[in-house]
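Examination of the molecular architecture
One-letter residues, chain by chain:
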Amino acid sequence: MSGYQGKKNIPRITSDRLLIKGAKIVNDDQSFHADIYMEDGVIKQIGDNLIVPGGVKTIDAHGMMLIPGGIDVHTRFQMPDRGMTAADDFYQGTRAALAGGTTMIIDHVVPEPGVSLIAAFNQWREWADHKSCCDYSLHVDITEWHKGMQEEVEALVKDHGVNSFLVYLAYKDVFQLTDSQMYEVFSVIRDLGAIAQVHAENGDIIAEEQKRILGLGITGPEGHVLSRPEEVEAEAANRAVTVANQTNCPLYITKVMSKSAADVIAQARKKGTVVYGEPISASLGTDGTHYWSKNWAKAAAYVTSPPLSPDPTTPDYLNSLLACGDLQVTGSAHCTFNTSQRAVGKDNFTFIPEGTNGTEERMSLIWDKCVVTGKMDESQFVAVTSTNAAKIFNLYPRKGRIAVGSDADLVLWDPDVTKIISAKNHHLAVEYNIFEGIEVRGAPVVVISQGKIVLEDGNLHTTEGSGRYITRKPFADYVYKRIKARSKLAELRGVPRGLYDGPVCEVTVTPKVMTPVTSGKASPTKTAPQPVRNLHQSGFSLSGAQIDDNLPRRNTQRIVAPPGGRANITSLG
Amino acid sequence: MAENKRVLERDDDLPVYLARPGTADPVPRQIYGGLFCNVEGAYESKTIDFDALSVGQRRSPRNTNREETKHPNNDRNFPSPDSGCEQTGLPVPAHPAPVLVDLLSHAALKDINADLGPPDRSERLLIKGGRIVNDDQSFYADIYMEDGVIKQIGDNLIVPGGVKTIEANGKMVIPGGIDIHTHFQMPYRGMTTVDDFSQGTKAALAGGTTMIVDHVIPEPGSSLMEAFERWHEWADEKACCDYSLHVDITHWNDSVKQEVESLIKEKGVNSFQVYMAYKDLYQMSNSELYEIFTFLGEHGGIAQVHAENGEIIAEEQARMLEMGITGPEGHVLSRPEELEAEAVFRAVTVASQTNCPLYVTRVMSKSAADIISQARKKGNVVFGEPITASLGTDGTHYWSKNWAKAASFVTSPPLSPDPTTPDYLSTLLASGDLSVTGSAHCTFSVAQKAIGKDDFTQIPEGVNGVEERMSIIWDKAVATGKMDENMFVAVTSTNAAKILNLYPRKGRIAVGSDSDLVIWDTDAIRTITAKTHHSVAEYNVFEGMELRGAPLLVICQGKVVLEDGNLHVTSGTGHFIPCSPFPDYAYKRIKARKQLATLKAVPRGMYDGPVSEFSPMPRGGTPSASTRNSPTKVPVRNLHQSGFTLAGPEEAPIRPAGRRSVVPPGGHSNITSLS
């Protein structure tokens, strides 16, 4: 558990010892009352009447719940977009995360197409190491695909502790990959034991719709949601599931924003596909009706992709699926831009930088929408905010669980506190909060990150740069146990047959007029003129002579094999 | 006698339009075959075209010019106004007041016709005692037809003497089948499928199908119009029954667009197929699909798709070959049914986005069928076409040790190796989730299939089925009690006619409809075998299957073509039937939705706050694979920092905390939701 070696050792006060007394410890499988003692950022003892050194700081937590710190699996702090940078950098962002009870974030590295994945990864590492206040890890987005990429992906998995890669099915001509590329990426990822993440929207259709919507004279933020109807999201999710099934690769769909996409995931899971769905704070907490706000700046603040669904029952639906386990993890997709940055798209919604806030509000929103309403219990709450994420990304049980040996990332949760979310008092650098005015029950009282108290009495005590990069190993059990079993089963065999030695028709050399295709990358099949040219009319006769081989005439034909007979099926399943 | 008849005719016909409704007339309501059955003329309004034609110009390819024939020997010849109504290629403007004139002259000329016309012309037939089965009802009545058109339906019909009479003895009379998907005489890599239009339509007639719709497949890059003309010519030369044509769009650009438009407007094609498979050959990208569907939606065409994800197939094929699987089993292994379902899902999405009716050809698997029925439940206008092979057999044969046999089953999407698939598909067909049936008849000889003996990707694709289609559906669906005879008529004929906009001329037994009829013997049992089938292919994928239900007698264009098991057909007698755009069956809903789906922008004051600088290149985007560039995220350059201040002063400070939002949270939103 403690074998990690942070690249940069944080100067640590050795007497970083904490005792929490009387709390109800909540894990994803059970809850129990116990005291907990931690030292050097690791939980050392759990139980009653612990023997601890003197002078230890003690927190009395009677009547409150102690839960594993939240893991926000999807953030985009400090993300560059066309020369601008997302308003919340790693410092601001992780502070907000800690304020909301999240003690670890996983950020997305978005390499510009043409830039090496490793270079981009190092860039992000540098930014985060300098600024992050809590532990973090990184997903890497694959924004283009060619032969050389495979080695980089391999290097990232083996040397840099990355086990998840995102591909985009949207953003045509920028990030979007074709189906073939997706297939290849998934195959590579599967072999390396990583997880394929997908931004699921059909970029081709969106591009056409955007054209149409702009043509209708709709330039405001409502055009954003009109040009990205939820069907388009469901379609891409369905396609990604198909490719993942085909390649036997675990799939993780980021930003589940609509009912239909969630349904696709739920159905696929019922059929046995290894697929995970990640709704985000925004899709769980608000809806897309605000795109029609008369206030441009407000409407623009909701712009994200896939867009929030204009159907106001969506958040409730997604919360239900989260509660029943059809969706597993929650992120925030926190990616904030100032109004002036958004205003780049004031005359054309396609230019509005995309992203919403949510890292700070995530835990409270889910508590309020799911636990308070009785959809899920506190253990399931821990599962969807922390444990499942840790399992999927192979951080478990170091993160996502309160156990001896786990990291001392803990949150003392008060289920009864209510607060009103507002841009006035949030910890972000942006003017708008998309959850403005929502009253939520449940909030962190004390947050402990790396064994230190970072939130107490409403005050944040964070240290810029104290966050460690957490490496993640490939082949997470939670994900790959099934995949491994299946790849053993799914062996295909050819049917041993005698050689066909009957007549063979002549074929013209060029099968069809081949138009040079749009796809730059040539596929191996059907493009090459078919290799079967040695048409010696009657070659070998190894197999027993078959009566039906010679005569092409019918009526005198007899079929050798009995109809419907003798078939051995090696079905894939 | 003549006078009597005349009176009778009037009494029968006139009141339907003029007198009857609502009157307490003591005259018994003239019903033909039952309380709720056809009233003669009840369908006249639907067949108004034919009536209109009959009085106005008569330009019938089947009959000689009326003017010529009528004047020389008026008394002998029978070109009654009705007679010319059929087989006219182009729709003729409706005649102002056709009905009365029609009826009068009809009655008058009947008398003249009473004495015989020359036997070669007088294609007059009377079917007595049959049970007429349409898609909505069944009833007992006699049918009298003349010149390839049904003239009268009812009891105790007054018909000219010497008419050939067929005793149906209570057997079912159904509208002739329409096979909506064939590939006769299809050129493929310099070869041609073994069943040409003559052989193919012969097989069709033998199975009770009296109209086929073939697919025109232009080589990518070549003209659609030329290909259409070529197919038209082939079929005109050889077809033994009426036919129509789908045109496949194998590439897409502006000139193709124009060709499609003129095919719709001038040539009578209303359905176009696009391929989502066959990467680098026929396959269309999503954007192209979107454009094509949009275009078809605007012009009243039906978008057909061959639904399979070609890109993944290409990858899978490469993988199979790498693993050393080269036999026909590789074909099905490289095309798992999920890929079919995925493509169907995508096509449905694009179609619903573009508000275009969708028609999925060759539904071969459960999952694809499920997607279609789900989409229909959500209200999408989508039709699914299972084919004879998918309804009658399964994909276990791909593992046959006999290469030639295994190869004969190769078609795309492949037959599902799941042996419960045929049953599942026929259930969905019975429930109406799948709408029509075709055969996708496309046969290659064993020698032709053997091109792919060392590499399954080279095996020419296609199975037989045009002859077996009706019997298989009867046996699998009607004999098992899944559907009734009316539904049988719907899925084999009527629905197809509706989609093609040929209804009620085809697909229905009604006065004015074409006399394409089949007397169906529900008790016949026959065994399918390549020894006796009418296709040229050496293999029959249904070999050995015993099927209940077979055509006893087939009437095509008013002529008996199958009788006592003997086919009497003439190549080249088939006519091209033009299909007009905007079929009601598909487009009524589409049109209504079009009117609803207007999008409105939100009127807002201009944003006049600060605007960030941003770099011109969007995220350093490299020019990507797609050749067509999208208009998105690229070229807005006019970044004047603080432009106008027309709108009222709206506060937009950049500082957080202390900021108030102008609009109350969650407030003031007017939703113009689409769907």
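Residues numbered from 1 in each chain as written. Chains lettered and ligands numbered in written order. Predicted model: local features only at pLDDT ≥ 70, side-chain atom pairs only at ≥ 80, totals over all residues. Heavy atoms only, no water.

1. Some words on the overall build of chain B
- Counting its secondary structure elements, chain B contains 19 helices and 18 strands.
- Buried residues in chain B amount to 63% of all 675 residues. (Helix = DSSP H or I, 4+ residues; strand = E, 2+ residues; numbered from the N terminus. Buried < 20%, exposed > 50% of the residue type's maximum accessible area, 1.4 Å probe, protein only.)

2. As for the overall build of chain A
- Assigned secondary structure in chain A consists of 15 helices and 18 strands.
- Burial status across chain A gives 64% buried among its 573 residues.
- Sequence separation of at least 24 residues holds for 77% of the intrachain contacts in chain A that already meet a minimum separation of 6.
- When the accessible surface of chain A is summed, it comes to about 19,900 Å², and 52% of that surface belongs to carbon and sulfur atoms. (Contact = heavy atoms within 4.5 Å. Areas by Shrake-Rupley, 256 points an atom, 1.4 Å probe, with all protein chains shown as cover.)

3. Here's the deal with the pairing of strand β5 (residues 65-68) of chain A
Residue and element names in this part refer to chain A.
- Bridge count between strand β1 (residues 17-26) and β5: 2 bridges; the pairing is parallel. Residue Ile25 lies in a different strand from β5, and its bridge partner there is Leu66.
- When β5 meets strand β15 (residues 410-420), the two strands line up antiparallel, connected through 4 bridges. For Met65, the partnering residue across the bridge sits in β15 and is Trp413. (Pairing = 2+ DSSP bridges.)

4. Overview of the pattern of salt bridges
Residue and element names in this part refer to chain A.
- Applying the stated criterion across every chain, the model contains 55 salt bridges over all chains.
- Note that Arg401 and Asp29 form a salt bridge whose closest N and O atoms lie 3.0 Å from each other. In this pair, Arg401 sits in the loop between α14 (378-392) and β15 while Asp29 sits in the loop between β1 and β2 (31-39), placing the two residues 372 residues apart along the sequence.
- Here Asp29 falls in the partly exposed class, since its relative accessible area comes to 48%.
- When salt bridges that share partners are traced, they join Asp135, Arg398, Lys399, Asp407, Asp409 and Arg468 into one network. (Salt bridge = Lys/Arg side-chain N within 4 Å of Asp/Glu carboxyl O.)

5. Re the packing of aromatic side chains
- Under the criterion given, the structure shown has 31 aromatic pairs over all chains.
- With a centroid separation of 5.5 Å and an interplanar angle of 45 degrees, the aromatic rings of A:Phe381 and A:Trp413 are classed as tilted. Placement of A:Phe381 in helix α14 and of A:Trp413 in strand β15 is noted, with a sequence separation of 32 residues between them. Of the two residues, A:Phe381 and A:Trp413, neither departs from the other in class, the shared state being buried.
- Cluster of aromatic residues (ring-pair linked, three or more members): A:Phe77, A:Phe90, A:Phe121, A:Tyr136 and A:Tyr469.
- Directly above the ring of A:Tyr317 sits A:Lys259, whose terminal nitrogen or CZ lies 5.4 Å from the centroid.
- Above the face of the B:Tyr424 ring, B:Lys366 is positioned so that its terminal group lies 5.3 Å from the ring centre. (Phe/Tyr/Trp six-rings, centres within 6.5 Å; stacked < 30°, edge-to-face > 60°. Lys NZ or Arg CZ within 6 Å of the ring centre and 35° of its normal.)

6. So, the confidence of the model for chain A
- With 86% of its residues at a pLDDT of at least 70, chain A reaches an overall mean of 86.
- Below a pLDDT of 50 lies the segment residues 1-14 of chain A, which in the model reaches 15 contacts outside its immediate sequence neighbourhood of four places, other chains included. (pLDDT = per-residue confidence, 0-100.)

7. What to know about the packing of helix α6 (residues 224-238) of chain B against helix α7 (residues 254-267) of chain B
Residues and elements named next belong to chain B.
- Where α6 meets α7, the closest approach of the two axes is 9 Å, and the angle between their N-to-C directions is 40 degrees. Between α6 and α7, the angle is such that the two are oblique. When α6 is examined against α7, the residues Leu224, Met225, Phe228 and Glu229 are found in contact with a partner set consisting of Val256, Glu259, Val260, Ser262, Leu263 and Lys267.
- When grouped by side-chain class, the residues that make up the contact of α6 with α7 number 6 nonpolar, 1 polar and 3 charged. (Axes fitted to C-alpha atoms, helices over the stretch in contact; angles between N-to-C directions. Parallel < 35°, antiparallel > 145°, perpendicular 65-115°, else oblique. Nonpolar A, V, L, I, M, F, W, Y, C, P; charged D, E, K, R; others polar.)

8. So, the side chain of A:Asn27
Residues and elements named next belong to chain A.
- For Asn27, the position within the fold is in the loop between β1 and β2.
- With relative accessibility at 1%, the residue Asn27 sits in the buried group.
- In contact with Asn27, not counting residues within four places along its chain, are Pro68, Ser379, Val382, Arg401 and Ile402.

9. Remarks on unusual backbone geometry
Residues and elements named next belong to chain A.
- A cis amide bond links Ser305 with the next residue in sequence, Pro306, at an omega value of -15 degrees.
- Assignment of secondary structure puts Pro306 in the loop between α10 (296-301) and α11 (314-324).
- In this chain, Tyr396 is followed by Pro397 through a cis amide linkage whose omega measures 0 degrees.
- Looking at the element boundaries, Pro397 is found in the loop between α14 and β15.
- In this structure, Lys255 is a non-glycine residue whose phi angle is positive, near 50 degrees.
- If you trace the backbone, Lys255 turns up in strand β13 (residues 251-256).

10. What about the environment of A:Gly277?
All names here are of chain A.
- You can see Gly277 is positioned in strand β14 (residues 275-279).
- Sequence separation between Gly277 and Ile205 is 72 residues; the distance between their C-alpha atoms is 23 Å.
- With sequence-adjacent residues up to four places away left out, Gly277 is seen in contact with Ile253, Val256, Ile265, Leu327, Gln328 and Val329.

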